[in-house]
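Chain and residue survey
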Amino acid sequence: MSYKNFIFDIDGTIIDNEAANLKALQIALDEKGVHVELDELRFSLGIPSEVSLKAFGITDIEKTMRMWGSHYQKLCLKNPQKPFSGIEDVIKTLKKNKYTLGIVTSKDRIEYRDEFENYEISKYFDGFICTDDTFYHKPNGEPLLAIIKKLNINLSETIYIGDAVYDMECAQNAGVDFGIALWGAKDLGKFNYYSVILNKPDDILDLI
């Protein structure tokens, strides 16, 4: 099937930043007296930061979120996070050929600004939905329905591309086709709803 509209997750789909994100969370939790092994933090990928923190009994959510973000920025200064190989060329090709491009992320607007807008690739997108923009968040389908409304696009001509089970469930709950970004997901066994498996970014161009 071919599509006219491509909606993307960010972390683990566009930007290869999973390790830095989890390490920053671990450091922030350590500072709150909560030690968690990195593997135990993987559930936090793809869901809003406040949901992850509440799971560990954190009450001063806003302060801890900023600590998490600060540690992430410091880690990125030491080791800059980059887009996955090939994804930027794919995004440019889609934009050049006038396909509609959107973002649905579990970042809030401050995180989006600080952690994504500094990448050149961000300028190719026609719109985005952050956690500030909807009452419900992934895995609820509301964020995807919100970007579809915002961009005035047809749901049946749209695919959401992500790397996390929460992305998959968001697409399923919105009734939108889902493409697994296997370069970020790595483990196909977790997914039970998808329209296509994308082994590498270039595979996205097979959908146009």
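In the block above lies the structure referred to throughout.
The notes below deal with the structure included here. These numbers come from a predicted model, not from an experiment. (Residues numbered from 1 in each chain as written. Predicted model: local features only at pLDDT ≥ 70, side-chain atom pairs only at ≥ 80, totals over all residues. Heavy atoms only, no water.)

This paragraph deals with the packing of aromatic side chains. Following the criterion strictly, the structure yields eleven aromatic pairs and no others. Ring plane angle 80° and centroid distance 5.9 Å describe the contact between F8 and F125, whose orientation is recorded as edge-to-face. Taken as a pair, F8 in strand β1 (residues 5–8) and F125 in the loop between α5 (109–115) and β3 (127–129) lie far apart in primary sequence, 117 residues in all. The same class applies to F8 as to F125, namely buried. With 5.7 Å between their ring centres and 55° between their planes, F43 and F56 make a pair best called tilted. With F43 in the loop between α1 (18–31) and α2 (49–54) and F56 in the loop between α2 and α3 (61–78), the pair connects residues that are 13 residues apart, well separated along the chain. Overall, the relative accessible area of 22% leaves F56 in the partly exposed class. (Phe/Tyr/Trp six-rings, centres within 6.5 Å; stacked < 30°, edge-to-face > 60°. Helix = DSSP H or I, 4+ residues; strand = E, 2+ residues; numbered from the N terminus. Buried < 20%, exposed > 50% of the residue type's maximum accessible area, 1.4 Å probe, protein only.)

What follows concerns the pairing of strand β5 (residues 177–181). It is a general feature of regular strands that their side chains alternate between the two faces of the sheet. For β5, the tally of buried residues reaches four of five residues, placing the bulk of the element in the interior. Across four bridges, the pairing between strand β4 (residues 158–162) and β5 is parallel. In the sheet register, I159 faces β5, and the bridge partner there is D177. With respect to chirality, the unit in which β4 leads through helix α7 (residues 165–174) into the neighbouring parallel β5 is right-handed. Where β5 lies against strand β6 (residues 196–198), three bridges are found, and the strand directions are parallel. (Pairing = 2+ DSSP bridges. Right-handed = clockwise from strand over helix to strand, strands pointing away.)

Another aspect to go through is the pattern of salt bridges. Under the definition given, this model contains 14 salt bridges. Two residues, D108 and R66, come together in a salt bridge whose shortest N-O distance is 3.4 Å. One end of the pair, D108, is in the loop between β2 (100–104) and α5; the other, R66, is in helix α3, and 42 residues separate them in sequence. Look at R66 and you get partly exposed, because its relative accessible area is 34%. Here R113 ties to D114 by a salt bridge, and the two come within 2.9 Å at their closest N and O atoms. Assessed through its relative accessible area of 35%, D114 is described here as partly exposed. (Salt bridge = Lys/Arg side-chain N within 4 Å of Asp/Glu carboxyl O.)

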